[in-house]
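Each chain is listed here by its residues.
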Amino acid sequence: GNAYDTIKSEKNPRCSDVKGAIVIINLTGASISFILLLVSIFLMRRKKGRFSFLTQIIIFIFSSEILNTISKLLQLLKYAFEDTRDNNDKNEVETKRGIICQTQIVTSIISDFGSLLGTLLLSYRCYEVMKGKKRIFDQKKSKIIVIFLIILISVILSIVFLFIDREITKDSITYKYDLRDRCSYWCWLDHTTSIICYCFFFVALLFNVIYAIKTNCYLRNSYKQILEQSLVFAENTENNDNIQISKYSNYSALASDDKKRLKEIRIMQIKCFIYPLITIIIWFFLTLYRFIDDIGMKNIDKKSDRDEGTEYEK
C-alpha cells in the first residue's frame, strides 16, 4: 500500500481537508522525536559517574515517549497487509490491520500514563529531596519497585481501556479498528472510552500540578530565607520604620559558600520545575482539546452517519 494514505478520509467532511497534513506531520514528527529522544538518552547515559534518581526518572520518561513515537510509526506496517476497510465485517472480527491498530492504542496509553506518572514521580522526588526528611526512594529497592509499579499500572490500564473499547464497538461496522485512522495517522479509542481515559489523565495531571507548586514554593522560600540570613544589613535607606537593604548590601556581598548554596537552589529549581511545568501545560491543553473534541464530535459523527452515511458506529 501507499504510506501516504488518505483513502476513506474523503467520506468524512471534518477530516477530508486535513488528513494529508496529518500524515506528513506524523511521519516526520514521530521520526524526528524518536531520533532526538534516543540521542538524549545516549548522552545522559554516556556521562560518567553514578546516575541520580532524578536522571533515572527522566530517562524513564524519555523511554515512554519513545514508545509513543513507535506507536505512530507502527502505522507504516499496516500497508504490508490486505486492506480490509471495505469489508462489512463487524469490529469483533479480527484482521491484521485491526490488530496493529489495537497495538497502537495499547502502546499509546502505556506511553501516556508512563510519561504522566513518571513526571509525577519526578515532582514528588524533588519535593522529597527539598524537605530533607526521611526519603522513601533513597533505597535502590524502592526505586526499582516504584518504576515497576508505574509500568504495571500503565499496562493494566491500557488493557482495561482496550477491553472497554472492544465491548462498546464490537458490533460496529463503520467504526471498526480498520477505520480508526480515517481522520488521523494512528488509532485511538472511541469517543466514550477516550473521555474516560482522559479523566484518568486529568487526575494524574492534577497531582503533578500540586507537587510542582509545592516544590517551587519550598525552593523559593528557601532561597529567600538563605538570602535574608546572609545579607549584611547596614543602615536604613529611607526615613521609615521598615528595615531596607542598603544599596551597598547586594548579592556580591555574600560569602562564597552562601553564593554556592543559592546557585544550587536555583539549579534545582530549574530541574524540578521547568520540566513538570512544560509537561503540565502541554497535557492541560491536550486534555482540554480531547474533552471538547470527543464530546462535540461524538454527536456530529453520529449525525453524519445518519444523514450522509459517513463512517461511524451504528
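Up top is the structure.
Notes on the structure in this doc start here.

Conventions we followed
- Residues numbered from 1 in each chain as written.
- Predicted model: local features only at pLDDT ≥ 70, side-chain atom pairs only at ≥ 80, totals over all residues.
- Heavy atoms only, no water.
- Helix = DSSP H or I, 4+ residues; strand = E, 2+ residues; numbered from the N terminus.
- Buried < 20%, exposed > 50% of the residue type's maximum accessible area, 1.4 Å probe, protein only.
- Contact = heavy atoms within 4.5 Å.
- Areas by Shrake-Rupley, 256 points an atom, 1.4 Å probe, with all protein chains shown as cover.
- Expected span 1.5 Å × (residues − 1).
- Core = buried A, V, L, I, M, F, W, Y, C linked by side-chain atoms within 4.5 Å.
- Axes fitted to C-alpha atoms, helices over the stretch in contact; angles between N-to-C directions.
- Left-handed = near helix turned anticlockwise from the far one by under 90°.
- Nonpolar A, V, L, I, M, F, W, Y, C, P; charged D, E, K, R; others polar.
- Disulfide = S-S within 2.5 Å.
- Polar contact = N/O pair within 3.5 Å; in protein donor to acceptor, adjacent residues only side chain to side chain.
- Salt bridge = Lys/Arg side-chain N within 4 Å of Asp/Glu carboxyl O.

**What to know about the overall build of the protein**
Per the secondary structure count, the protein includes 6 helices and 0 strands. Taken across its 314 residues, the protein has 43% of its residues classed as buried. Taking the intrachain contacts of the protein between residues at least 6 apart in sequence as the baseline, contacts between residues at least 24 apart amount to 73%. Carbon and sulfur atoms provide 62% of the accessible area of the protein, an area that totals close to 17,900 Å².

**Looking at the environment of Ile 66**
Looking at where Ile 66 falls in the secondary structure, it is placed in helix α2 (residues 53-73). Residue classification places Ile 66 among the buried residues on the basis of a relative accessible area of 10%. Linking Ile 66 and Leu 36, residues 30 residues apart in sequence, is a C-alpha distance of 9.4 Å. Ile 66 has contacts with Phe 34, Leu 37, Leu 38 and Ile 41, leaving out every residue within four places of it along the chain.

**Focus on helix α3 (residues 96-131)**
With 36 residues, α3 extends 52 Å between its outermost C-alpha atoms, agreeing within 8% with the 52 Å of an ideal straight helix rising 1.5 Å per residue. Among the 36 residues that make up α3, 30 are buried, leaving the element largely enclosed by the rest of the structure.

**Overview of helix α4 (residues 140-169)**
Here α4 spans 44 Å end to end across 30 residues, near enough to the 44 Å set by a 1.5 Å rise per residue. Within the span of α4, buried status applies to Ser 142, Lys 143, Val 146, Ile 147, Ile 150, Ser 154, Leu 157, Ser 158, Phe 161, Leu 162, Asp 165 and Thr 169.

**What about the nonpolar core?**
Judged by nonpolar contacts, the single largest core of 35 residues is most densely connected at Ile 105, Leu 121 and Phe 201. Every element with two or more residues in this core is listed here: α2, α3, α4, α5 (191-230) and α6 (256-308). Top element by residues in this core is α3. It accounts for 11 residues. If sequence neighbours within four positions are ignored, Leu 121 has contacts with Phe 53, Ile 57, Phe 137, Val 146, Ile 147 and Ile 150. Within the second largest apolar cluster, 6 residues are counted, among which are Leu 37, Ile 41, Met 44 and Ile 66.

**As for the packing of α3 against α4**
Look at α3 against α4: their axes get within 8 Å of each other, and the N-to-C directions meet at 140 degrees. Here α3 runs over α4; the crossing is right-handed. Of the residues in α4, those in contact with Gln 102, Ile 105, Val 106, Ile 109, Ile 110, Phe 113, Gly 114, Leu 117, Gly 118 and Leu 121 of α3 are Val 146, Ile 147, Ile 150, Ile 153, Ser 154, Val 155, Leu 157, Ser 158, Phe 161, Leu 162 and Arg 166. Across the contact of α3 with α4, the residue classes tally to 15 nonpolar, 5 polar and 1 charged.

**So, the state of the cysteines**
One pass over the full model with this rule turns up 1 disulfide. For Cys 101, the disulfide goes to Cys 187, at an S-S distance of 2.1 Å. Looking down the S-S bond of the Cys 101 and Cys 187 bridge, the torsion is -120 degrees, so its handedness is left-handed. On the criterion of sequence distance, the pair formed by Cys 101 in helix α3 and Cys 187 in the loop between α4 and α5 is long-range, its members being 86 residues apart. Between Cys 197, a cysteine without a disulfide, and Cys 199, which holds the nearest cysteine sulfur, the sulfur-to-sulfur distance is 9.1 Å.

**What about the side chain of Ser 108?**
Considering the arrangement of structural elements, one finds Ser 108 in helix α3. In this view, Ser 108 contacts Asn 68, Ser 71, Lys 72 and Trp 188; residues no more than four positions away in its chain are not counted.

**Regarding the environment of Arg 85**
By secondary structure assignment, the location of Arg 85 is in the loop between α2 and α3. By relative accessible area, Arg 85 is classed as buried at 7%. Separated by 88 residues in sequence, Arg 85 and Ile 173 have C-alpha atoms that sit 9.4 Å apart. A polar contact of 2.7 Å, which involves the side chain of Arg 85, links it to the side chain of Asp 83.

**Concerning the pattern of salt bridges**
Where charged atoms from two side chains of opposite charge come close, those side chains can pair. Enumeration over the complete set of coordinates arrives at 6 salt bridges. We note a salt bridge from Arg 180 to Asp 165, for which the minimum N-O separation is 2.9 Å. Here Arg 180, found in the loop between α4 and α5, pairs with Asp 165, found in helix α4; they are 15 residues apart in sequence, far enough to count as distant. For Arg 180, a relative accessible area of 4% puts it in the buried group. In this structure, the salt-bridge partner of Glu 167 is Lys 170, at a minimum N-O distance of 3.7 Å. Its relative accessible area of 33% is what places Lys 170 among the partly exposed residues.

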